[in-house]
Amino acid sequence: MKNTFLFKSALLIIAFLVVTPSFVSCTMEENANAKKPSITEVIQSQSYLSTLAIALEKTGLSSTFNSQGTYTLFAPTNEAFAFFLAQNGFASINDVPSSTLKQILLNHVIGQVVNSTDLPSAGYIKTLAIGNTSTTNNLSMFVNKSNGIVLNDMSDVTASNILASNGIIHIVSGVITLPSISDHIKANPNLSSMAEALSGAGQPAFFTTFSGTGPFTVFAPINSAFTSLNVELTGGIAGVSTANMTKILRYHVATGNILATDFTDGEVISTFEAPQTFTVLLNSVLKLKDVNNRNSNVITTDIQCTNGVIHLLNKVLLPSL
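Asks: Would you take a moment to explain the packing of aromatic side chains for this structure?
Replies: Geometry of an aromatic ring pair is reported as the spacing of the ring centres plus the angle between the planes. Applying the stated criterion across every chain yields a total of nine aromatic pairs. Between the aromatic rings of Tyr-251 and Phe-278, the centroid separation amounts to 5.9 Å while the plane-to-plane angle is 85°, which identifies the pairing as edge-to-face. In this pair, Tyr-251 is assigned in the loop between helix 12 (242-250) and strand 9 (253-255) and Phe-278 in strand 11 (residues 277-282), connecting sequence segments 27 residues apart. A relative accessible area of 0% means that Tyr-251 is categorised as buried. The rings of Phe-206, Phe-210, Phe-216 and Phe-272 are connected pair by pair, giving a single aromatic cluster. Over the ring of Phe-207 we find Lys-186, and its NZ or CZ is 4.7 Å from the ring centre.

Asks: Just to check I follow, could you spell out unusual backbone geometry for this structure?
Replies: Among all residues except glycine, the phi angle is most often negative; among peptide bonds, the trans geometry is most common. Of the consecutive residues Gly-214 and Pro-215, the connecting peptide bond is found in the cis state with omega at 5°. Summarising the element assignment, Pro-215 is placed in the loop between helix 10 (206-209) and strand 8 (216-221). Cis geometry marks the peptide bond from Ala-274 to Pro-275, where omega comes out at 5°. Relative to the helices and strands, Pro-275 is located in the loop between strand 10 (268-270) and strand 11. Residues other than glycine seldom take positive phi values, yet Asn-152 does so here, at roughly 55°. Inspection of the secondary structure puts Asn-152 in the loop between strand 5 (150-151) and strand 6 (155-164). Unlike most non-glycine residues, Asp-153 shows phi in positive territory, near 55°. The residue Asp-153 is located in the loop between strand 5 and strand 6 in this model. Asp-153 gets classed as exposed once you look at its relative accessible area, which sits at 54%.

Asks: I keep staring at the side chain of Ser-155 and nothing clicks. Help me out?
Replies: Examined against the element boundaries, Ser-155 turns out to sit in strand 6. A distance of 3.4 Å separates a polar atom in the side chain of Ser-155 from the backbone nitrogen of Ser-173. Setting aside anything within four residues of it in sequence, one finds Ser-155 in contact with Ile-149, Val-150, Val-172, Ser-173, Gly-174 and Ile-176.

Conventions adopted
Residues numbered from 1 in each chain as written. Predicted model: local features only at pLDDT ≥ 70, side-chain atom pairs only at ≥ 80, totals over all residues. Heavy atoms only, no water. Phe/Tyr/Trp six-rings, centres within 6.5 Å; stacked < 30°, edge-to-face > 60°. Helix = DSSP H or I, 4+ residues; strand = E, 2+ residues; numbered from the N terminus. Buried < 20%, exposed > 50% of the residue type's maximum accessible area, 1.4 Å probe, protein only. Lys NZ or Arg CZ within 6 Å of the ring centre and 35° of its normal. Polar contact = N/O pair within 3.5 Å; in protein donor to acceptor, adjacent residues only side chain to side chain. Contact = heavy atoms within 4.5 Å.

Structural data, given as structure tokens:
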């Protein structure tokens with residue numbers, strides 16, 4: 001009888017271990033995380049991040065990053081904050097309005113744990129910050145890993161993958177300010193042809209406009225779109241007059257913060273090149289049809305800026321010239 005009891009007990013223990021491995025695994029993982037300091041505690045423990053610690057406390061984010069969660073924080077150093085304060089005329093971090101500072105800090109945060117190797121090679125991620133023209137679409141950040149890791153063409157990642165109980169920290173060399181449409185166009189190397197056209201001789205001050213209040217929706221052709229246009233046009237892009245290039249560029253801008261979910265099939269979009277419009281086509285992919293019945297695919301949507309939104313196109317739209 002005693003041997004039978006021991007045998008049955010052993011079977012019960014084995015059955016428990018077989019049925020509940022995920023429970024054991026989760027418990028071990030939770031215990032391991034509990035031994036790590038929180039993001040706030042990591043920041044507070046490093047003297048070279050003391051300004052960030054003050055900023056988190058000032059904005060009430062210390063408690064956020066001291067509690068449970070899954071965050072990725074790009075942490076600016078004291079030197080990064082010193083440069084930011086000097087550039088913006090603030091004597092100290094306490095002089096930055098709390099509401100503004102909070103959104104700037106949230107612009108350094110992703111709502112999931114992303115280590116450096118999992119960041120996109122050249123693409124957009126969403127931060128936790130909110131801009132001035134949309135309360136539903138968080139601000140976008142452009143990550144460029146062609147030479148190190150550069151964020152919004154403003155800040156380099158100088159140290160990475162510092163683990164915390166509620167996320168991960170990457171140290172950055174600069175404060176990543178809230179990006180305007182101008183900032184995002186300049187940050188993406190695949191929009192360099194667009195940037196060159198916008199700043200071309202004789203063009204209006206497009207970049208000044210796109211740094212303003214807005215809201216604007218910009219449909220931005222990528223570099224290959226301009227390459228294709230150069231082949232398509234008789235005489236190439238060089239043969240386009242300054243006035244006609246202005247018309248082309250204005251034809252890619254609409255008023256408002258128009259997200260991809262706002263479009264309807266057959267919708268006619270008014271542009272800055274009034275009264276010329278283009279038409280939205282909702283099929284398997286989102287397309288735009290210009291007045292010359294040429295279609296352009298929208299290949300990236302909802303790049304959110306503080307003053308509007310950008311959608312990337314694979315073809316330049318052409319108005320009547």
